[in-house]
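Understanding the architecture of this molecule
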Amino acid sequence: MTLDPHTLLAIVTMAAATILTRLGGLVLIQFVTIGPKQKRALEAIPPAVLMAVIAPTALVTGPAETLAALATALVAMRLPLLAAVATGVMVVALARMFGA
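This is a predicted model, so every value here is computed, not measured.

**Some points on the overall build of the protein chain**
- Along the backbone of the protein chain there are 5 helices and 0 strands.
- Radius of gyration (C-alpha) of the protein chain: 19 Å, far over the 13 Å computed for a compact globule of 100 residues.
- By principal-axis analysis of the C-alpha atoms, the protein chain measures approximately 50 × 45 × 20 Å.
- Considering the protein chain as a whole, with its 100 residues, one finds that 18% of them fall into the buried category.
- The long-range share in the protein chain, meaning contacts at least 24 apart out of those at least 6 apart in sequence, stands at 43%.
- Accessible area for the protein chain stands at about 7900 Å²; split by element, carbon and sulfur atoms hold 76% of it.

**Section: the pattern of salt bridges**
- Applying the stated criterion across every chain yields a total of 1 salt bridge.
- Here glutamate 65 makes a salt bridge to arginine 96, at a shortest N to O gap of 2.4 Å. Here glutamate 65, found in helix α4 (residues 63-76), pairs with arginine 96, found in helix α5 (residues 81-97); they are 31 residues apart in sequence, far enough to count as distant.

**A word on the packing of helix α2 (residues 36-43) against helix α3 (residues 45-61)**
- In contact at an axis separation of 5 Å, α2 and α3 are set at 30 degrees when each is read in the N-to-C sense. For the element pair α2 / α3, the angle class is roughly parallel. Contacts between α2 and α3 involve Ala41, Leu42 and Glu43 from the former and Ile45, Pro46 and Pro47 from the latter.
- Looking at the contact of α2 with α3 residue by residue, the class counts come to 5 nonpolar, no polar and 1 charged.

**Topic: the packing of α3 against α4**
- Running from N to C, α3 and α4 cross one another at 160 degrees; their axes reach a closest spacing of 8 Å. As summarised for this structure, α3 and α4 are arranged roughly antiparallel, according to the angle between their axes. Considering only the axes of α3 and α4, their crossing is left-handed. When α3 is examined against α4, the residues Pro47, Leu50, Met51, Ile54, Ala58, Leu59 and Thr61 are found in contact with a partner set consisting of Glu65, Thr66, Ala69, Thr72, Ala73 and Ala76.
- When grouped by side-chain class, the residues that make up the contact of α3 with α4 number 9 nonpolar, 3 polar and 1 charged.

Conventions adopted
- In every chain, residue numbers begin from 1 and rise along the written sequence.
- Two thresholds apply to this predicted model, a pLDDT of at least 70 for residue-level local features and 80 or more for giving and counting side-chain atom pairs, whereas whole-chain, interface and lining totals are computed over all residues.
- With hydrogens and water excluded, all non-hydrogen atoms of the structure serve as input to the side-chain values.
- Only runs of H or I of at least four residues qualify as helices and only runs of E of at least two qualify as strands under DSSP, and these elements are numbered from the N terminus.
- All radius of gyration figures rest on C-alpha atoms, and the globule criterion is 2.2 Å times the number of residues raised to 0.38.
- Exposure categories follow from relative accessible area, calculated using a 1.4 Å probe and restricted to protein chains: below 20% of the type maximum is buried, above 50% is exposed, and the middle band is partly exposed.
- Should any heavy atoms of two residues lie within 4.5 Å, those residues are considered in contact.
- Using a 1.4 Å probe, accessible areas were evaluated by the Shrake-Rupley method; residue-level cover was limited to the displayed protein chains.
- Every case where a carboxyl oxygen of Asp or Glu lies within 4 Å of a side-chain nitrogen of Lys or Arg is listed as a salt bridge.
- To define axes, lines are fitted to C-alpha atoms, for helices over the stretch in contact only, and angles between the resulting N-to-C directions are given on a 0 to 180 degree scale.
- Roughly parallel covers angles under 35 degrees, roughly antiparallel covers those over 145, roughly perpendicular covers 65 to 115, and oblique covers all other angles.
- Amino acid classes used here: Ala, Val, Leu, Ile, Met, Phe, Trp, Tyr, Cys and Pro are nonpolar; Asp, Glu, Lys and Arg are charged; the rest, including Gly, are polar.
- Each crossing gets its handedness from the near helix: less than a right angle anticlockwise from the far helix is left-handed, clockwise is right-handed.

Given below as structure tokens:
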């Protein structure tokens, strides 16, 4: 197996961009005062990102995936992200098992 230098450069560059973005956020947040509204908005980001990633696939693959996406969205409004993901996985598995 050979390693293409352009591929390696792309991987290293993407890793550096990811690390610098995360570190930059940690450094910059020290200079910002977060109020209750901002805190609530920041807490809403993980479910929103989850739905943005899942929705395109869920809505074009089949009824089981669409049902699981809906269940995940509903659970994500009230429970932590892990519970929402677990609910989505269980719903899609049950829906597929029962032929939805």
